[in-house]
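Given next are the chains, with one letter for each unit.
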Amino acid sequence: MEQAAFDLIQPRLGRPSVLSARPHITLTYAQTLDGFIGGPNRTQVLISSKESLVMTHTCRALHSAILVGCQTVRSDNPSLTVRMIPSLPPAHPGGPRRPVQHPTAIVVDSSLSIDPGCNLVQRAKERPLIVLANETALIDRSKREALELAGASVVLVPPMPSNPHRIDLAQAFYRLHQEPFRIDSIMVEGGASIISSVLEQQLADLLIVTIAPKFMGRDGVHVLGSRPAASGEPVADDDASASKRTSGVDGQQLARVQWQPFGIDMVMVGEFVR
Ligand SMILES: NC(=O)c1ccc[n+]([C@@H]2O[C@H](COP(=O)([O-])OP(=O)(O)OC[C@H]3O[C@@H](n4cnc5c(N)ncnc54)[C@H](OP(=O)(O)O)[C@@H]3O)[C@@H](O)[C@H]2O)c1
């Protein structure tokens, strides 16, 4: 399975057009047939099959960093490590298999609200952790000190010009590409708000979507943070600006699209046309 994932993803990374001021950005998520990526009240739901998880972990091993939003850290308490593959396939036919390295973990967290006891912070001395905070937010100095003492790097980033409560991810990616981080590829794994922002700011180069043959069938977290609601029906995202934020998504197109089954799931890979 990891060979199939490697063959699908590796040729799409590091396109010459993005060897520039910012890292290559791969946007990935797993969704149900009805477009949900999380359960009610932002709970974690197992969506991917074992085979598509192998694809996800192969993808992690091929990137320098993995980025998630602070709500995903609260909901899922992820480790964001490479666990489901023992090594990477050879870079060239006949070459040796290569050891996997855990990518740097990046959390978007305006006011440094994540629990210092979460997996990412607890393991920050074993694998790098960068927390992106909003430079205009009121940040408790003790929270910053606790994170740095645990081994994390805190990077202050300006907010989006259109929304002072949201970190400007374009600026963040530019900073992460510079010294001392020199990150050249980032796999953005969610959640819905982060996916919406990356799409709205048109920052992604590659999209990898796992579609599982199941329905959520109840109110959950839609991939774009909100979905058209029937009259009186609650909307999954409590951010009133969610529908506005997704408007920048309209009209974006993918090229070199491939669909490939991984177990019972279907994985779509495509490159954004810019
Ligand atoms: N199926 C999948 O592939 C997958 C993957 C990951 C997560 N999930 C699910 O997704 C759900 C969590 O998604 P979510 O939308 O609630 O949270 P999220 O995207 O993980 O985090 C959103 C938070 O990030 C902070 N933020 C700062 N700048 C931002 C920006 N420019 N754009 C967006 N967010 C910014 C905001 O909090 P502050 O204001 O406090 O900074 C915001 O509330 C959970 O149910 C989780 O299980 C699913």
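Each value, and the rule that gives it
- Residues numbered from 1 in each chain as written.
- Predicted model: local features only at pLDDT ≥ 70, side-chain atom pairs only at ≥ 80, totals over all residues.
- Heavy atoms only, no water.
- pLDDT = per-residue confidence, 0-100.
- Contact = heavy atoms within 4.5 Å.
- Near = heavy atom within 4 Å.
- Polar contact = N/O pair within 3.5 Å; in protein donor to acceptor, adjacent residues only side chain to side chain.
- Areas by Shrake-Rupley, 256 points an atom, 1.4 Å probe, with all protein chains shown as cover.
- Buried < 20%, exposed > 50% of the residue type's maximum accessible area, 1.4 Å probe, protein only.
- Helix = DSSP H or I, 4+ residues; strand = E, 2+ residues; numbered from the N terminus.
- Pairing = 2+ DSSP bridges.
- Right-handed = clockwise from strand over helix to strand, strands pointing away.

A. Up close: the confidence of the model for the protein. Chain-level statistics for the protein give a pLDDT mean of 90 and a share of 90% at 70 or above. This stretch, residues 227-238, has a pLDDT under 50; its non-local contacts, to residues over four places away or in other chains, come to 21 contacts.

B. Main features of the site of the ligand. Surveying the vicinity of the ligand reveals 28 residues, the closest of which are R42, T72, D76, S110 and S197. I37 is positioned with one of its backbone polar atoms (N or O) 3.0 Å from a nitrogen atom of the ligand. Between G69 and the ligand, the recorded distance is 3.5 Å, taken from a backbone N or O atom to an oxygen atom. For the ligand, the protein covers 88% of the area, taking 930 Å² as the surface of the free molecule.

C. Spotlight on the pairing of strand 7 (residues 129-134). A large share of strand 7 lies buried, amounting to six of its six residues. The two faces of strand 7 match: L129, V131 and A133 on one face and I130, L132 and N134 on the other face are all buried. Sheet topology note: the strand 6 (residues 104-108)/strand 7 ladder contains four bridges and is parallel. Paired with V107 across the strands is V131, a residue of strand 7. Bridge count for strand 7 against strand 8 (residues 153-157) is five bridges, and the pairing is parallel. Note that in strand 8 the partner of I130 across the bridge is S153. Handedness of the crossover is the feature at issue here: the chain leaves strand 7, passes through helix 5 (residues 141-149), returns alongside strand 8, and the resulting connection is right-handed.

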